Structures are given as structure tokens and as C-alpha cells.
Amino acid sequence: MGQGVEWALHACVNLAWAGPERPLPVATLAELNGLPTPYLNKQLQALARAGVVTSTPGARGGFALARPPEEITVLDVVQAIDGTEGAFRCTEIRQQGPLPAGRGAFRSPCQIASVMGRAEAAWRAELAAETVAGLAGEVAAKVPQTPVQIRRWLADRTG
């Protein structure tokens, strides 16, 4: 997974804390996390194309969550940034080399591809079970001042 996923998840949690009332400028979100604005904008545009966030143009525009944070899963964010294709790609190397597997071996996926497929399915199920609201709640439970400080900081920046 690329670091864009981490950045996008932080942005979504911050947008959840900010609330839907007013979109946040990408520059403000980037400053909040010490990130380069153009790169974070690229991630937010990918989230917008996937329907995770909305983008409002103009001087008072910015980004907001497109749905309630309880309805946005971590998997939604990961797939928006990194795509939906599986991480493991079987290239059938069992067909190569001096001792290739016989024709009958290719009627079913190789055991390595099967194990990797099951692992990916479990990983995706775990990400689909966690929401942006859940992440925000976990942070608030462990460090209660964080959402309060972030809301205050955002209010100071955006009026």
C-alpha cells in the first residue's frame, strides 16, 4: 500500500471531525498533517472520483465527506487510492523451468495462489468492517483532546 492511503485516511478522519457543514480547503488539510498540498490534492481527487468525498470549487470550496463517516469503510478509501485489483498476481511460474507441472495441474489454481487469495479476502473483509467513524472514535477514545484540538485549529483557519 502506498503512503497515499495513510494520507487519505487521515484526511477522511479529519473531515469527519470537521463535520459536513463546510468543505475544507486542501491546503488546510495538508497543513494540518504537514503534507505537500499538490500530493494530498491528488489523493482527495481520487477519493472524489470514488464517491468518498465531494469537492466544492471556489474561494469557500474544498472537500467534505460524501456520506456519513459510519458509511465509509477503510476498504472504500484503500480502493479509491490503490485500486481494486488484487495485490497478488499469479504468473503461473509452475509452468516454467526444467520441471514444469503437468497439464492436469492447471485445472485448478496453484496452492500458492489459493493461499494468497484467501489472505487477501480476509484482509479486505477486515478493512470493510472498519469505518472512518470507527477510526475517529478510536482516536478520540485514546486521545480525547485530539478531535477537540483539530476542530479548534480548523475553525481558526477556516472561520
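Numbering of residues starts from 1 in each chain and follows the order in which that chain's sequence is written. In keeping with the model being predicted, local features are shown solely for residues with a pLDDT of at least 70 and side-chain atom pairs are shown and tallied solely at 80 or more, while totals for entire chains, interfaces and linings include all residues. Each side-chain value is derived from all of the structure's non-hydrogen atoms; neither hydrogens nor water enter the calculation.

Caption draft 1: Quick peek at the pattern of salt bridges. Whenever Lys or Arg places a side-chain nitrogen within 4 Å of a carboxyl oxygen from Asp or Glu, that contact is recorded as a salt bridge. Here the structure, examined in full by the defined rule, presents four salt bridges. A salt bridge links Asp76 to Arg67; the nearest nitrogen and oxygen atoms lie 3.0 Å apart. A simple rule labels every residue: compare its accessible area, found with a 1.4 Å probe on the protein chains alone, to the largest value its type can have, and call it buried under 20%, exposed over 50%, or partly exposed in between. The class for Arg67 is partly exposed, based on a relative accessible area of 27%. Residue Glu120 pairs with Arg124 through a salt bridge whose shortest N-O separation is 2.8 Å. Placement of both Glu120 and Arg124 in helix α5 (residues 111-129) is noted, with a separation of four residues, approximately one turn of the helix. A relative accessible area of 13% places Glu120 in the buried class. Secondary structure elements are taken from DSSP: a helix is a run of H or I of four residues or more, a strand is a run of E of two residues or more, and numbering for both begins at the N terminus.

Caption draft 2: Main features of the packing of helix α1 (residues 3-18) against helix α3 (residues 37-49). Axis definition: a line fitted to C-alpha atoms, over the contacting stretch in the case of helices. Angles run 0 to 180 degrees between N-to-C directions. Contact pair α1 / α3: the axes reach a minimum separation of 10 Å and the direction vectors enclose 75°. If you check the angle between α1 and α3, you find them roughly perpendicular. Along its contact with α1, which presents Gly4, Trp7, Ala8, Ala11 and Cys12, the element α3 presents Tyr39, Leu40, Gln43, Leu44 and Leu47. Here is the rule for angles: anything less than 35 degrees is roughly parallel, anything more than 145 is roughly antiparallel, 65 through 115 is roughly perpendicular, and the remaining ranges are oblique. The contact criterion used throughout is that any non-hydrogen atoms of two residues lie within 4.5 Å.

Caption draft 3: Structural context of the pairing of strand β2 (residues 62-65). Of the two faces of β2, both are covered, the one formed by Gly62 and Ala64 as well as the one formed by Phe63 and Leu65. Strands pair, by our definition, only if DSSP identifies at least two bridges between them. Judged from the four bridges that link them, strand β1 (residues 53-56) and β2 form a sheet pairing that is antiparallel. Bridge pairing in β2 links Thr54 to Ala64.

Caption draft 4: Here's a closer look at the nonpolar core. In terms of nonpolar packing, the biggest core is built from 34 residues, with Leu40, Leu44, Leu47 and Val77 touching the most fellow members. When contributions to this core are tallied by element, the ones reaching two or more residues are α1, α2 (26-33), α3, β2, α4 (74-82), α6 (132-142) and α7 (145-158). When residues of this core are assigned to their parent elements, the largest contribution, nine residues, is made by α1. Contact partners of Leu47, with chain neighbours within four places excluded, come to Ala8, Cys12, Val52, Val53, Val77, Ala80 and Ile81. Take the buried residues of types Ala, Val, Leu, Ile, Met, Phe, Trp, Tyr and Cys, join any two whose side-chain atoms come within 4.5 Å, and each joined set is a nonpolar core.

Caption draft 5: The packing of aromatic side chains, seen in detail. Classification of ring pairs rests on two measures: the distance between centres of Phe, Tyr or Trp rings, Trp counted by its six-membered ring, which must be within 6.5 Å, and the angle between planes, read as stacked under 30 degrees, edge-to-face over 60 and tilted in between. With the rule as written, the count across this model stands at one aromatic pair. Where Trp7 meets Tyr39, the ring centres are 4.8 Å apart and the plane angle is 90°; that geometry is what we call edge-to-face. One end of the pair, Trp7, is in helix α1; the other, Tyr39, is in helix α3, and 32 residues separate them in sequence. Given the relative accessible area of 11%, Trp7 is considered buried.

Caption draft 6: Quick peek at α2. Among the residues making up α2, those that are buried are Val26, Thr28, Leu29 and Ala30. Next to the buried residues of α2 lie α1, α3, β2 and α7. Phi for Gly34, located one or two positions after α2, is positive at around 65°.

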